[in-house]
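A structural walkthrough
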Amino acid sequence: MIIIMGVSGTGKTSLGKHLSQEMDWPFYDADDFHPDANLEKMASGHALDDSDRTDWLLALNTLTKEVSSAVVACSALKESYRKLLTDNLDRAFYFVYLRGTYDQIYNRMIEREGHIMPVSLLQSQFDTLEEPLNALTVSVELNPQEIIERIMNTLKPSCDFGLIGLGVMGKSLCRNLINNNVKLAMYNRHIDAVEERVAEEFKKEFQLNTAKAFDNLGLFVESLNTPRKIMLMVSAGPAIDRVVEDLIPLLNAGDIIIDAGNSHYSDTKRRMEFLKQQNIQFIGTGVSGGEEGALKGPSIMPGGDPDAYAEVKPFLEVISARDKNGLPCCTYIGIGGSGHFV
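Everything numeric here is computed off the predicted structure, so don't read it as measured data.

Notes on the environment of Met-5
- Examined against the element boundaries, Met-5 turns out to sit in strand β1 (residues 2–5).
- With a relative accessible area of 0%, Met-5 lands in the buried category.
- Contact partners of Met-5, with chain neighbours within four places excluded, come to Lys-12, Cys-74, Ser-75, Ala-76, Arg-82, Phe-95, Val-96, Tyr-97, Leu-98 and Pro-132.

Below, the structure written as structure tokens:
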């Protein structure tokens, strides 16, 4: 789901139609879903308020759940609107924000005819606008084809390994992977006013320019080449199950989840058996060495299906410590939860 957003007059509809043709996806213009009362209010020169927009956004949310893929043009001016629009959406969604100055947009609007939004309401749009923090931002000065190329390049999978959970150990393992030239995607959950843009700030702090940073799980998954290899650095227990549950609808058969936390081996075995029914592989691995080991080279003890281990072996070996003979301190332990048992 690609959502083209911005104030009225930025060219959302025009770009959305071009993009839908490029991707062979249906296109929906949010303006077509306004109730008559909203249309009459705007036509009379009065700006919509939050209560006017709620039912409209809920109708669009229902639409996005009913179609498999789509391009949607919607102003989505506030963060709260964007949350309503994408609430409980079980697939990746991506915002493209068309940014322009007031004068740029004003000059565009006075040249168009028959639009539901009069130019007199443009200032109210800018007053309402909360620029998105997690979106592809492009200038309205670019032509549609240039913007489409940027969108396609951004969405194209380019990472070979993903890591979820940017606590102390997760951050150290990310730096280790990047130092060993792994094309990495990093994700940390988004909680308003508690955990916001964690991955992006971490990337900036350590200048991890080759990594991709996300706080949108769907986009994180879509950035990974298949079969996807995703390491979890999440607290042992129910938190692992919650992350796995969130991942399942986003993954394909043959993708691999690696639990590198301190899970009990019986939980690992249970998760492995459950995910096998979903055609998803699960590796449970012990990681020893603490924060310093995670950064400079830990001892790694993976267990699970041997074919799945063969897929992740190069990534685990490259970040592990080395013994006195220069060999990686990483070895396949065995089936089931044996890695976490050891």
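Describing empty space enclosed by the protein
- Per the counting criterion, the structure on display carries one cavity of 30 Å³ or more.
- If you add up the space inside the largest cavity, you get close to 40 Å³.
- Among the residues forming the lining of the largest cavity, the class breakdown is five nonpolar, three polar and one charged.

Focus: helix α8 (residues 168–179)
- For α8, built from 12 residues, the straight-helix expectation of 16 Å at 1.5 Å per residue is met to within 8% by its first-to-last C-alpha distance of 17 Å.
- For α8, the set of buried residues is Gly-170, Ser-172, Leu-173, Cys-174, Asn-176, Leu-177 and Ile-178.
- Where α8 is buried, its residues meet β6 (161–164), β7 (184–187), α9 (198–205), β9 (229–232), α13 (290–296) and α14 (306–319).
- In the segment just after α8, Asn-181 is the residue with positive phi, at about 65°.

Side note on the pattern of salt bridges
- Following the criterion strictly, the structure yields 14 salt bridges and no others.
- With a shortest N-O distance of 3.9 Å, Arg-271 and Asp-259 are connected by a salt bridge. Within this pair, whereas Arg-271 is found in helix α12 (residues 265–276), its partner Asp-259 is found in strand β10 (residues 256–259), the two being separated by 12 residues in sequence.
- By relative accessible area, Arg-271 is classed as buried at 3%.
- Note that Glu-317 is salt-bridged to Lys-313, the shortest N-O span being 4.0 Å. Of this pair, Glu-317 and Lys-313 both sit in helix α14, four residues apart, roughly one helical turn.

Rules behind the numbers
Residues numbered from 1 in each chain as written. Predicted model: local features only at pLDDT ≥ 70, side-chain atom pairs only at ≥ 80, totals over all residues. Heavy atoms only, no water. Helix = DSSP H or I, 4+ residues; strand = E, 2+ residues; numbered from the N terminus. Buried < 20%, exposed > 50% of the residue type's maximum accessible area, 1.4 Å probe, protein only. Contact = heavy atoms within 4.5 Å. 1 Å grid on protein atoms, 1.4 Å probe; cavity = no way out; pocket = protein on both sides within 12 Å on 5 of 7 lines; lining within 4 Å. Points joined across faces, edges and corners; volume = space filled by probe spheres on them. Nonpolar A, V, L, I, M, F, W, Y, C, P; charged D, E, K, R; others polar. Expected span 1.5 Å × (residues − 1). Salt bridge = Lys/Arg side-chain N within 4 Å of Asp/Glu carboxyl O.

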